[in-house]
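Chain and residue survey
The residues making up each chain are set out below.
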Amino acid sequence: MEARAQLKYVRIAPRKVGIVLDLIRGKNVNYAMAVLKNTPKAACEDLQKLLKSAIANAENNHDMDTSRLYIAQCFVCQGPMLKRIRPRAQGRAFRINKKTSHITMVLKEEEI
């Protein structure tokens with residue numbers, strides 16, 4: 001049994017999200033929440049909301065015990081890129097790619 005939560009079209013680069021996901025992968029949900037609260041990265045705020053959503057899904061949809069949950073899988077995929085133009089010298093244009101992310105988190109119950 002697993003509980004899943006997804007967050008799509010987040011306006012942060014996947015590389016930046018991946019750094020934070022590496023800190024919490026395979027950890028207990030209480031420990032992961034503490035790490036996210038105390039890590040000074042921009043992605044932590046969105047990941048906290050996602051983790052809370054996954055915990056709520058586990059509790060309400062699958063009747064899982066929240067004290068035994070751990071993060072079984074968490075990964076990030078690149079979403080669509082927003083392409084913007086920045087004016088440069090002598091009439092040239094410079095492209096700026098604003099990346100988006102799709103984040104997925106899967107929780108499972110520890111077996112006794």
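Our subject is the structure that appears above.
What you see is a predicted model; the values in this text were computed from it and never measured.

Each helix and strand in the protein chain was counted, giving three helices and five strands. The N-to-C order of helical and strand elements in the protein chain reads β-α-α-α-β-β-β-β. Taken against the 2.2 N^0.38 rule, which gives 13 Å for 112 residues, the C-alpha radius of gyration of the protein chain at 17 Å runs more than 25% over that of a compact globule. Dimensions of the protein chain, computed from the C-alpha atoms along their principal axes, are close to 70 × 25 × 15 Å. Every one of the 112 residues in the protein chain was classed for burial, and the buried ones make up 34%. Here the contacts in the protein chain between residues at least 6 apart in sequence split such that 72% fall between residues at least 24 apart.

Another aspect to go through is the packing of aromatic side chains. Evaluation of the coordinates by the stated rule reveals zero aromatic pairs. Here Arg-88 stacks its cationic end above the ring of Phe-94, 5.2 Å away from the centre of that ring.

With seven of nine residues buried, strand β5 (residues 101–109) lies mostly within the body of the structure. Bridge count between strand β1 (residues 2–10) and β5: seven bridges; the pairing is antiparallel. Counterpart to Ala-5 in the pairing with β5 is Met-105. The sheet contact formed by strand β2 (residues 69–78) and β5 spans nine bridges and is antiparallel. Note that in β5 the partner of Phe-75 across the bridge is Thr-104.

Turning next to the sheet that holds β2. Here we have three strands laid out as an open sheet, ordered β1-β5-β2, and antiparallel in their pairing. Across the chains shown, the open sheet's two edge strands, defined by having one partner strand only, are β1 and β2. Taken over all neighbouring pairs, the strand axes of this sheet differ in orientation by 15 degrees on average, direction set aside. Across the sheet, helix α1 (residues 14–24) lies against β2 and β5, angled at about 165 degrees from β2, the strand it touches most.

Turning our attention to the pattern of salt bridges. Summed over all chains, the structure comprises four salt bridges. Linking Glu-109 and Arg-68 is a salt bridge whose minimum nitrogen-to-oxygen distance equals 3.3 Å. Separated by 41 residues along the polypeptide, Glu-109 in strand β5 and Arg-68 in the loop between α3 (43–61) and β2 bring together distant segments of the chain. For Arg-68, a relative accessible area of 25% puts it in the partly exposed group. Through salt bridges that share partners, Asp-65, Arg-68 and Glu-109 make up one connected network.

About the criteria used
Residues numbered from 1 in each chain as written. Predicted model: local features only at pLDDT ≥ 70, side-chain atom pairs only at ≥ 80, totals over all residues. Heavy atoms only, no water. Helix = DSSP H or I, 4+ residues; strand = E, 2+ residues; numbered from the N terminus. Rg over C-alpha atoms; globule rule 2.2 N^0.38 Å. Buried < 20%, exposed > 50% of the residue type's maximum accessible area, 1.4 Å probe, protein only. Contact = heavy atoms within 4.5 Å. Phe/Tyr/Trp six-rings, centres within 6.5 Å; stacked < 30°, edge-to-face > 60°. Lys NZ or Arg CZ within 6 Å of the ring centre and 35° of its normal. Pairing = 2+ DSSP bridges. Axes fitted to C-alpha atoms, helices over the stretch in contact; angles between N-to-C directions. Salt bridge = Lys/Arg side-chain N within 4 Å of Asp/Glu carboxyl O.

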